Amino acid sequence: MPWIKEEKLYPIIALLLILIMAVRTPLDTDMWWHLRAGEETLLNQEVYSVDTFSFTREGSAWINHSWLSQVVMFLTFKAGNYYGLSIWVGTCAVLAMFFVYLQMKEHPLLRSAVLLFAAVVSSVVWSPRPQIHSLVLFSLLSYLIFQYKRTKNSGYLIGSLPIFILWGNLHGGYVLGIIFMGSVIVGELLNKIFFIESSESLSWRQMGIFAIFIMGGFLVVLINPFGLDMWRIPFNTVGVETLQNVISEWASPDFHQAFQQPMLWMMLGVFSLIGLSQKSIDGAELIPLIVFSWAALTARRNFGPFALVAAPIFSRYLAGVIENWLDVAKQKLQWVEKFLDKTNQNNQELKPGFKNLLNCVIIGFLLVGVGWKIVKVNEREFVLQAERGIFPVDAVEWLGSSGITGNIFNDYNWGGYLIWNLRDNPVFVDGRTDLFGDEILNDYLSIMSPQSNLPENLDEYQINLVLVKSDTDIARALQNTGWKIEYQDSISVLIER
Amino acid sequence: MKNNSIFQKLQTILIPRLGEIFFIAIFAAVIGLGPRMMNIDGDLGRHITLGNYILDSRDIPTEDIFSFTKTGDPLTPHEWLSDLIFGMIYKATGLNGVVWLTALVIAGSLWFVYKYSLNLSNMSLIALFGGILGAAASSLHWLTRPHIFTIFLAAIWIGELEKMRLGIRKSWLIFPILMLIWVNLHGAFIAGLFIWSCYFVGMLIEQKISIHKNQSFLWIGITSFLVSLINPDGFGIWKTGFGFLGNQYLVSHTIEYLPPDFQQPAFWPFLLLIFCSMLILGLCKKRIAFPHLFIVGGWTVMALYSARNIPLYVVTVIPLLTSEACGILCDWNESILVDRFIDFQEKIAMTEESIKGGLWSMIAVVLTLVLLLGGIKLDFQRNGNKFSEEVFPVEASEWLEDNQPVGNGFNYFPWGGYLLYRFWPERKVFIDGQTDFYGEELTREYEKIITLADGWQDILRNYHIQWVIMPAGSMLGSALEDSNAWKEGYNDKTAEIWFYTEGQ
């Protein structure tokens, strides 16, 4: 008898591979201001909610919907530095995918393969930010709903309430959970309208209970330091029209970029498989799938939730199609049947001792891979080199030692890094789009545009110091208008009036 | 009794069919958008100029005659027949005629979508809904350019292929004929062969890899490929097409090849179409036919990859989707609402059967041309079909005509076609919209100049640039202003012209 049965071996391998994939150098542009906010919250023993990081919104109230995530992040960073954050992201990614795995009921090999595919799709959003918590909670919530639909046991729905309480303090993405539950109800209505029946369909009474828990979830997110304001957060964020011009993850996907293409293939794959099946899909699967496809096509940050919703459906329909094709192939082609019999026979002939050894070698090899990746991507030199590729590391070091202080006009993506590393220079803008709103973000874009009336715009904010990428229009234009370059390297240029 | 019969005959002629109303509505909408269509894209000037050249010289140029940067380089004239048509209509009727022709082709394409949808679904209301949604989704690419002929031919191509699949059409000879026209009209004729390959592979799978049962489909592919070589550049047209699509730099620098941006409301009808297709696939109780699956999947991917493929998605996918949607409705016969809808639909079908139709669309098409030629402005803004002074350097061109600068001029890329339209053959351009011809090297040089990247002045010197025409407020303009070697000659709210003065 092997120690690890096949149905456990495949997911263990898949989850270890996902961990290897997810353990990365923690370098997100927003990570730094989250860390600083977490630090401020712990330092003052009060949730950080009045801006002190920027000069454009200094003193303004800010609904810090991710305060708990920031505290977790800061404590992790304090305890384990980059290693800590890296392992934390990896663990969250694995947890999110684990709950997806639990929603699949097909052959473990197929489930594991689909899980890896879904992991590749959602990996776009695995970063050291509070939204990684949203991914885990979303996945857990969908697992509870899956169990409720399967067993009709309301206990699973009760589990959704603590999830929403936690979510309301960890990240504003709780709204994804509400949307998911709402789309399940709409899907159940579709089942009733189109007479689609399955063992998982809900009765009217069960739909009523489900609707009560949606409302319950919506209410319990108010248990947070900002109370009712938490309901405004999704609208505040999505209401910022400039969002997609500044933040790439809010933009529509660009499938010319290879790393975004897996989402397209997964969407195409899942709908093709549904098309090839010979029955109607459960509305409670179809509507969430459509809703999260829409979300992913509108903003690439939704690739994660899309993958979590699509993977179990993908697995189910792929299994159905493979089964049908194998049946046909066995009838038409004798060698297929022989090959399958032979494979089964060979597998059974393997001695348990040999199987144990083989399994241990594979798992051990992967564990070594995990360890190696954690160490490799978080080595000081490696991290510094990676940071130098995207952040103005040397310019900040130079500025820190120069003693020059005052308001700084900065590249949007560098705001967080400056907040963490340059504590005497308030920034113009950073990743807190809900705080800055269209007003500041539009001014930022206006200053950065080639047609900018630079002197007037910079005077308006009393800006004497500009730190931007060295190949930008503003850098070239300022040099032509009498500003002095204080520091320049291949990444950044620091210009003073 | 006789009066009654005349009245009935009149009725059959005078009452329009749903499809006809749809055609007229689309035709009117495209006419209304005429100036927008002409001014979004900068290539119309080039197409007219090339068309005029072919008409005048009776020669199809196979080497460059329009730029001073690539003069004499081999050129694949993959749109020569479209250019000729544009040139002819322009000579006869001016820009109004170009807009009229575009409206006719686009309305015709969408009418085919409606017609094939109706044939496949037998439900005119669903076909109409599909047509309207398709029109809304494709309207972004209603432009006065050869691409419209591809949309038109793709609509016919897939409709006829579907007829072959269903056994309604027996002869396959129409396909090589269509391909012969297509390959000379527009470089995207490859889309036709892609559609064919979806059908062929799909049919092979459906019929258990039996070539014998799909002989006709095989012949369509072979003959269509062979006739695609009958063009001024032979096999070169294939190389040009794939060469361009294989060049990531050029593709990502051509706006129309960029993916749709669903944050823009203009793309929402397309998004809605994608979700309709998902809903239909999900609710369908039977397995979708493989050719349909490949078409829907393939064109969805291509339209999500490049927004310019959305009209092709519309004309190829909508008829197939309406057919599947009709299947769902028919299966869903337990609902009273659906029963009533089907009854209503049958009444419409009976009424339509007794109508000949066609009269009003002919009147609309002819009358529109007459009105346009009579100088009546039919566009929504009442501006008339002309190149916009806010988009193109119209006034600056007048000034150039009066002042006649000497030497090579560097121009803003989207204005290349317009400058050719105004000044060729007296003046040639640095670059224009035919990116597949100008290639990566020159496009990179152009980009270096306008972004003031290292060495931009050297490139201007290497090409002996004596004057520059750029949009007002451009970075290049600011840099030239700061330079002692350049002097501003002209500026207005749209364009600025600079002259090289060093050594003079």
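Everything numeric in this text was worked out from a predicted model, so none of it was measured.

> Which parts of the structure should I look at to understand the overall build of chain B?
Helix and strand counts for chain B stand at 22 helices and 4 strands. Considered along the principal axes of its C-alpha atoms, chain B spans approximately 85 × 60 × 45 Å. In chain B, which comprises 504 residues, the share counted as buried stands at 46%.

> Can you walk me through the overall build of chain A in this structure?
Looking only at helices and strands, chain A has 22 helices and 4 strands in total. Since a compact globule built from 497 residues should have a radius of gyration of about 23 Å, the 26 Å found for chain A is in line with a globular shape. Taken over 497 residues, chain A has a buried fraction of 46%. In chain A, the share of contacts with a sequence separation of at least 24, taken over all contacts with a separation of at least 6, comes to 72%.

> Before we go on, may I ask you to explain the sheet that holds strand β4 (residues 495-500) of chain B in this structure?
Pairing between the strands of a sheet comes from backbone hydrogen bonds, and it takes one of two forms, parallel or antiparallel. Residues and elements named next belong to chain B. Ordered by their spatial adjacency, 4 strands build an open sheet running β1-β2-β4-β3, and the pairing between neighbours is mixed. The open sheet has two edge strands, β1 (408-411) and β3 (486-491), and neither has a second partner. Averaged over all neighbouring strand pairs, the angle between strand axes comes to 25°, with direction disregarded. With 5 bridges joining them, β3 and β4 adopt antiparallel strand pairing. Pairing of Tyr490 across the sheet is with Ile497, part of β4.

> Can you walk me through unusual backbone geometry in this structure?
The phi torsion of most residues other than glycine is negative, and most of the peptide bonds are trans. All names here are of chain B. The peptide bond linking Trp424 to Pro425 adopts the cis configuration, its omega dihedral lying at 10°. Along the chain, Pro425 falls in the loop between α19 (416-423) and α20 (435-450). Backbone geometry places Asn122, a non-glycine residue, at a positive phi of 60°. By the secondary structure assignment, Asn122 is in the loop between α5 (80-121) and α6 (124-138).

> Sorry, what's going on with the confidence of the model for chain B here?
Low pLDDT marks regions whose predicted coordinates should not be analysed in detail. Residue and element names in this part refer to chain B. Across chain B, the average pLDDT comes to 90, with 97% of residues at or above 70. Model confidence for chain B, summarised as mean pLDDT per element, is weakest for helix α1 (residues 2-14) at 74 and strongest for helix α8 (residues 174-185) at 96. Among the scores for the predicted complex, ipTM is 0.86 and pTM is 0.89.

> In this structure, what is going on with the domain arrangement of chain B? I would like to understand it.
Quite often, the size of an interface is put as the accessible area lost when its parts meet. All names here are of chain B. Each assigned domain of chain B is listed with its residue range as follows: domain 1 (16-207 + 215-363) and domain 2 (394-500). Computed from C-alpha coordinates alone, the two centres of domain 1 and domain 2 are separated by 36 Å. Each partner contributes to the interface: domain 1 provides 22 residues, whereas domain 2 provides 24 residues. Elements with a contribution of two residues or more to the side of domain 1 that touches domain 2: α4 (44-57), α11 (236-245) and α12 (248-252). Top contributing element to the side of domain 1 that touches domain 2 by residue count: α4, with 5 residues. Partitioned by chemical class, the residues of the side of domain 1 that touches domain 2 number 8 nonpolar, 10 polar and 4 charged.

> How do you make sense of the environment of Leu312 of chain B when you look at a structure like this?
Residue and element names in this part refer to chain B. Here Leu312 shows up in helix α15 (residues 310-331). Considered as a pair, Leu312 and Ala191 are 121 residues apart in the sequence and their alpha carbons are 8.5 Å apart. Apart from the residues lying within four places of it in its own chain, the contact partners of Leu312 are Ile151, Ala154, Ala191 and Trp299.

> Just to check I follow, could you spell out the confidence of the model for chain A for this structure?
Summary statistics for chain A give a mean pLDDT of 89 and a share of 97% for residues scoring 70 or more. Within chain A, helix α3 (residues 67-102) of chain A carries the highest mean pLDDT (96), whereas helix α11 (residues 243-246) of chain A carries the lowest (69).

> Is there a simple way to explain the interface of chain B and chain A in this structure?
On the side of chain A, 32 residues touch chain B, which itself brings 30 residues to the contact. Put simply, the parts of the chain that give the side of chain B that touches chain A at least two residues each are α13 (268-283), α14 (290-305) and α22 (475-482) of chain B. Considering every element that reaches the side of chain B that touches chain A, the biggest residue donor is α13 of chain B, with 7 residues. When the residues that make up the side of chain B that touches chain A are grouped by side-chain class, the tally is 18 nonpolar, 6 polar and 6 charged.

> Would you take a moment to explain the nonpolar core for this structure?
Judged by nonpolar contacts, the single largest core of 278 residues is most densely connected at Met97, Ala118, Val270, Ala310 and Phe314 of chain A together with Ala154 and Ile195 of chain B. Among the elements that take part in this core, α5 of chain B stands out by supplying 21 residues, more than any other. If near-sequence neighbours (up to four positions away) are discounted, Val270 of chain A is found in contact with Leu289, Ala310, Ile313 and Phe314 of chain A.

> What's the story with the environment of Phe244 of chain B in this structure? I'm lost.
All names here are of chain B. With respect to the helices and strands, the residue Phe244 is situated in helix α11. Remark: the alpha-carbon pair of Phe244 and Phe437, spanning 193 residues in sequence, is separated by 8.6 Å. Non-local contacts of Phe244, meaning those with residues more than four positions away in its chain, are made with Leu250 and Asp436.

> I tried to follow the sheet that holds strand β1 (residues 408-410) of chain A on my own but got confused; where do I start?
Residues and elements named next belong to chain A. Taken in spatial order, the 4 strands make up an open sheet running β1-β2-β4-β3, and their pairing is mixed. Only two strands of the sheet have a single partner each, and these edge strands are β1 and β3 (484-488). In this sheet, adjacent strand axes meet at a mean angle of 20° when their direction is disregarded. Looking at chain direction, β1 and strand β2 (residues 465-469) are connected through 3 bridges and run parallel. Bridge pairing links Asn410 to Leu467 in β2. Those strands touched by helix α18 (residues 393-402) are β2, β3 and β4 (492-496), and its axis lies near 30° from that of β4.

> Would you mind showing me how to read the domain arrangement of chain A here?
Residues and elements named next belong to chain A. Considered domain by domain, chain A is made up of domain 1 (6-330) and domain 2 (391-496). On a C-alpha basis, the centroid separation for the pair domain 1 and domain 2 is 35 Å. Breaking the side of domain 1 that touches domain 2 down by element, the ones donating at least two residues are α2 (31-44), α10 (229-238) and α11. Sorting elements by how many residues they give to the side of domain 1 that touches domain 2 places α2 first, with 5 residues.

> Explain the packing of helix α5 (residues 131-151) of chain A against helix α14 (residues 303-332) of chain A to me, please; I cannot follow it from the model alone.
To describe two helices that pack against each other, one gives the angle between their axes and the distance between the axes. Residue and element names in this part refer to chain A. The N-to-C vectors of α5 and α14 enclose an angle of 25°; their axes lie 10 Å apart at closest approach. With respect to α14, the axis of α5 lies roughly parallel. Of the two elements, α5 crosses α14, and the hand of that crossing is right-handed. Across the interface between the two elements, Leu135, Phe138, Ser139 and Ser142 of α5 pack against Gly304, Pro305, Leu308 and Val309 of α14. Class assignment of the residues belonging to the contact of α5 with α14 gives a composition of 5 nonpolar, 3 polar and no charged.

Thresholds, definitions, all that
Residues numbered from 1 in each chain as written. Chains lettered and ligands numbered in written order. Predicted model: local features only at pLDDT ≥ 70, side-chain atom pairs only at ≥ 80, totals over all residues. Helix = DSSP H or I, 4+ residues; strand = E, 2+ residues; numbered from the N terminus. Buried ≥ 20, exposed ≤ 12 C-beta atoms within 10 Å, placed from the backbone. Rg over C-alpha atoms; globule rule 2.2 N^0.38 Å. Contact = placed C-beta atoms within 7 Å. Pairing = 2+ DSSP bridges. Axes fitted to C-alpha atoms, helices over the stretch in contact; angles between N-to-C directions. pLDDT = per-residue confidence, 0-100. Domains from an automatic or database assignment. Nonpolar A, V, L, I, M, F, W, Y, C, P; charged D, E, K, R; others polar. Core = buried A, V, L, I, M, F, W, Y, C linked by C-beta atoms within 7 Å. Parallel < 35°, antiparallel > 145°, perpendicular 65-115°, else oblique. Left-handed = near helix turned anticlockwise from the far one by under 90°.

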